[in-house]
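Working through the structure, step by step
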Amino acid sequence: MSENDYLPGAQVPDARGYFGAYGGRFIPEALIAAVEQVADEYEKAKNDPAFLAELDLLLKDYTGRPSPLTDVDRFSAEAGGARVLLKREDLNHTGSHKINNVLGQALLTRRMGKTRIIAETGAGQHGVATATACALFGFECTIYMGEVDTERQALNVARMRMLGAEVIAVKSGSRTLKDAINEAFRDWVANVDSTHYLFGTVAGPHPFPAMVRDFHRVIGIEARAQVLERTGRLPDAVVACVGGGSNAMGIFHEFIPDAGVRLIGCEAAGEGAETPRHAATLTKGDPGVLHGARTYVLQDEDGQTIESHSISAGLDYPGVGPEHAWLKDTGRAEYRPVTDDDAMQALRLLSRTEGIIPAIESAHALAGALVLGRELGPQATILVSLSGRGDKDMHTAAQYFGLYDSEGK
Amino acid sequence: MNSKLSEVLAAAKAENRAALIGYLPAGFPSVEGGIRAVRALIEGGCDIVEVGLPHSDPVLDGPTIQTADDIALRGGVRIKDVLRTVQEVAGSAPEAAVLVMTYWNPVDRYGVARFAADLAAAGGAGVILPDLPVEESEEWRKAAGEHGLDTVFVVAPSSKDKRLAEVTSAGSGFVYAAAVMGVTGSRAQVGTMAHDLVDRTRATTDLPVCVGLGVSTAAQATEVAGFADGVIVGSAFVQRILDAGEDEEAALAAVRSLAAELAEGVRRR
Ligand SMILES: Cc1ncc(COP(=O)(O)O)c(C=O)c1O
């Protein structure tokens, strides 16, 4: 495939949900009707001015969009002097980009006449956003979260419960995001008549990768205009963290036709991509099928999924959205591994130079920007997706840096 | 040419009864123990066995089969062990049809043509791949056809009539009708959806229609045998083995006796 496939007007995914060789719909027959209903309803909704107007209003008055673009001079000085601009999804209501997709799918749920929503969550940000929308719309809400993640993101568990959601700690497998998704699928198969599965990233069966991306495209559309207005030109690179890949797809998409803009996704390398403990799916994985789509997967020779590891619950996932798999293979985007330690250093650096505490997920993108800035030098402009705020991560950070009085390092 | 699977189902029909189909994962509780357990299914009276290829992410399975898959994978079961299980069972029980049931990724990763060739060489009769919908199945069906393997597709209560026709026309051997909306696991009642689904399925195909998901007792087997061509039981067998703990003889005896009860059940319609 050539880069020309990314010129405006290229139709991706195709009718069967494929981005090149990736995507599709690998799901049980029992879910086919429900997934087709989501696809049909989304096709209608996205061409319905009333739906779009209602979503726009929610994004403005409820979420607080447009999110600001922030110049970070003191941080930039550490990035080889390159000009770093942050797209502030952390300032959205609920504290991350996740709310963009959640509001879109909540409106869709109402259109489909369903009354109950289920979702998976890793860092808890998608769960909090989903619980928030369910409170707003009056839906019943169940959130599946790996037991490991309920411990490291305990604040978000409390937030979800405060909002009225049921939170179920998933104890199977690696007890992280992958297993929360498995459990949500099991719930969906049994309750599909009443229930919408509000999938939280650009993975899963068609139409989720394209639909979730579309609901997040607003990030890149706003940011591209903001950067042009602020600097008079396009950025040299756009950098985002990649778990399933939703904030990255959201900010990348509008820039895909801009051939001069490098798109760089930062994956979680955990203790190192060369160690067995990482979540660098695009760097170290192989094409396979996980959670309903063909994409890169961390897997062994027998097609068994390998457990991922990351200090960041939101990036601790052995799969990735199929559109990223395609962007990688075509060379339009690059994917780099970022270790736990480098992300935590970047988290502290942004906190201390700019007074902004980022989510550990977003800190992976910041760490990537520090390296890239030093490669590109002071002439360069780098747009970074600051996908979420770090309040939820203070326990992990306090343990990592010894911030509690009782255990100060 | 009639496939092994069609022959076995036709023989049951000729006896004016439903066929009994039993499921157990390979490698559970160990590779050798698993081979003995699948043989016990046949000794007890199963006409067809489904050998599960355990997967790390069994999204269609409830807690019982998840636990068994987990034990098998932690014990180090590999695809080659699954194929050897098929070979040992098919070799010792030529009267039975041996299927492999698994998720798509292990087959995809092993290699579509290679898996079809190796399964056929092991004496396998076909596969059930519940997360491979018809739309994604062309490459597999071609390979399966070349090696004389049947591909059994699953239909669900949520499948609309038009869709049923598409699914049944792509499949062979039999059609697997899911009795309920949900994952594997025993249930108190078979439910009313199964009968309706079987009737709607029959309207689209001449293939035998077998019912699974949640069936665990002889009484349920009799009920299902009243309207279906075969009765599929999985979790109940797995549970017998789990309940027996370390005592393999007790586990095998429990599997045999449940299979015998169910075999009586499918003859009582
Ligand atoms: C703040 C934040 N950023 C990023 C992610 C990763 O998700 P994605 O790759 O879909 O953007 C998460 C997920 O939990 C998150 O909470």
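Summarised in this report is the structure supplied together with it. Predicted model, so just to flag it, every value in this text is computed and none were measured.

1. Describing the interface of chain B and chain A
With 35 residues of chain B in contact, the opposing surface of chain A contributes 33 residues. Of the roughly 2800 Å² buried where chain B meets chain A, counting both sides, 44% is carbon and sulfur surface. Linking chain B with chain A are seven salt bridges. Along the contact surface separating chain B from chain A lie 26 residue pairs in polar contact (both at pLDDT 80 or more). Mapped by element, the contributors of at least two residues to the side of chain B that touches chain A are α3 (63-74), α5 (104-110), β6 (154-155) and α8 (161-170) of chain B. Here the element with the most residues in the side of chain B that touches chain A is α5(B); it accounts for five residues. The residue makeup of the side of chain B that touches chain A, split by class, is 18 nonpolar, seven polar and ten charged.

2. Regarding empty space enclosed by the protein
Summed over the entire model, instances satisfying the criterion amount to four cavities of 30 Å³ or more. Considering only enclosed or pocket space, the largest cavity measures out at about 410 Å³ in volume. Around the largest cavity, the lining comprises 33 residues; the ones closest to its centre are B:Asp61, B:Met101, B:Tyr176, B:Thr184 and B:Leu213. Where the lining of the largest cavity is concerned, the elements lending two or more residues are α1 (29-46) of chain A together with α3, β7 (175-178), β9 (230-233) and α11 (235-244) of chain B. Among the residues making up the lining of the largest cavity, the classes are represented as 21 nonpolar, eight polar and four charged. Lining the second largest cavity are 29 residues, and of these A:His97, A:Lys98, A:Ala123, A:Gly314 and A:Glu361 lie nearest its centre. Residue composition of the lining of the second largest cavity, by class: seven nonpolar, 18 polar and four charged. For the lining of the second largest cavity, the two domains that each supply at least three residues are domain 1 (18-60 + 98-208) and domain 2 (65-95 + 216-401) of chain A.

3. Description of the site of the ligand
Residues and elements named next belong to chain A. The environment of the ligand is made up of 18 residues, and the closest members are Thr-201, Gly-243, Gly-245, Ser-246 and Ser-387. Backbone polar atom of Gly-245 to an oxygen atom of the ligand: 2.7 Å apart, as the coordinates give it. At a separation of 2.7 Å, a nitrogen atom of the ligand approaches a polar side-chain atom of Ser-387. Surface burial for the ligand is 97%, taken as the share of its 390 Å² of free accessible area covered by protein chains. Mapping the ligand onto the cavity grids shows that it belongs to the second largest cavity. Its residues assigned to classes, the shell around the ligand shows five nonpolar, eleven polar and two charged.

Procedures and definitions
- Residues numbered from 1 in each chain as written.
- Chains lettered and ligands numbered in written order.
- Predicted model: local features only at pLDDT ≥ 70, side-chain atom pairs only at ≥ 80, totals over all residues.
- Heavy atoms only, no water.
- Contact = heavy atoms within 4.5 Å.
- Buried area = accessible area lost by both parts, 1.4 Å probe.
- Salt bridge = Lys/Arg side-chain N within 4 Å of Asp/Glu carboxyl O.
- Polar contact = N/O pair within 3.5 Å; in protein donor to acceptor, adjacent residues only side chain to side chain.
- Helix = DSSP H or I, 4+ residues; strand = E, 2+ residues; numbered from the N terminus.
- Nonpolar A, V, L, I, M, F, W, Y, C, P; charged D, E, K, R; others polar.
- 1 Å grid on protein atoms, 1.4 Å probe; cavity = no way out; pocket = protein on both sides within 12 Å on 5 of 7 lines; lining within 4 Å.
- Points joined across faces, edges and corners; volume = space filled by probe spheres on them.
- Domains from an automatic or database assignment.
- Near = heavy atom within 4 Å.
- Areas by Shrake-Rupley, 256 points an atom, 1.4 Å probe, with all protein chains shown as cover.
- Sits in = over half its atoms within 2 Å of the grid points.

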